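Remarks on the overall topology
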Amino acid sequence: MAQNTTIDIPDEDLPLLERAQHLAGGTPSAAVSEALRRYVEMEEGRRQGYEEIVIRIAGDERRFSGVLLGEWGRTSRSGRVDTFRVYRSHGGTFVLHVDRSPDWVSGSESDDWATTWLGYLGLGETSWGFVPGDATVEAAGTLEELRGKIPGEFYDRIAALADRPVVEDLDL
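Attention here is on the structure that accompanies the text.

Description of the overall build of the chain
Helices and strands together make up the secondary structure of the chain, namely four helices and seven strands. Reading the chain from its N end, one meets helices and strands in the order α-α-β-β-β-β-β-α-β-β-α. Relative to its 172 residues, the chain shows a buried fraction of 25%. Sequence separation of at least 24 residues holds for 47% of the intrachain contacts in the chain that already meet a minimum separation of 6. Working note: accessible area of the chain is about 12700 Å², and carbon and sulfur atoms make up 51% of it.

Structure below.
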């Protein structure tokens, strides 16, 4: 059974309430309930040591409450950088974020190093190009599901600390 509660909204915030009501499906109570649900979830997580994580992928954002367990990077011979980040969400899910930098290629059409360097100095022809980077986010119910998706040494380090509490209360 729903309980009636009166909430005072300042006049200057009425447009905000109307917008929230529209986004929530037409009722002010739906907007207020969603806001309260989100507030309680985020505040409880914050008090337990979790923070709001926002990951950008191809112009979109993915947001969740979590804690970063670790970050690992590696560079290819071409200079491309892969960055792996593993988070533990407030709900206990592991989140893998892989961010790949653009893959740049530059040089001259010659295999001769002197010709290539003359091109870099503007004294000869040179070419360059790149393939855009990309990023992915993947949720895993267990740490074992991440095996093979991240470098082995990184997996071992994450596995060693994955069960540690986010916040440890000290009795001092």
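Back to the text.
Quick look at the sheet that holds strand β4 (residues 94-100)
Judged by pairing direction, the sheet is antiparallel, and its five strands sit side by side in the order β1-β2-β3-β4-β7 without closing on themselves. Because the sheet does not close on itself, it has two edges, and the strands there are β1 (51-57) and β7 (134-140). Adjacent strand axes in the sheet meet at a mean angle of 35 degrees, parallel and antiparallel pairs treated alike. Lying over the sheet, helix α4 (residues 152-161) contacts β2 (60-75) and β3 (81-89), oriented at roughly 130 degrees with respect to β2.

Cut-offs and rules
Residues numbered from 1 in each chain as written. Predicted model: local features only at pLDDT ≥ 70, side-chain atom pairs only at ≥ 80, totals over all residues. Heavy atoms only, no water. Helix = DSSP H or I, 4+ residues; strand = E, 2+ residues; numbered from the N terminus. Buried < 20%, exposed > 50% of the residue type's maximum accessible area, 1.4 Å probe, protein only. Contact = heavy atoms within 4.5 Å. Areas by Shrake-Rupley, 256 points an atom, 1.4 Å probe, with all protein chains shown as cover. Pairing = 2+ DSSP bridges. Axes fitted to C-alpha atoms, helices over the stretch in contact; angles between N-to-C directions.

None of this, on its own, says anything about what the molecule does.
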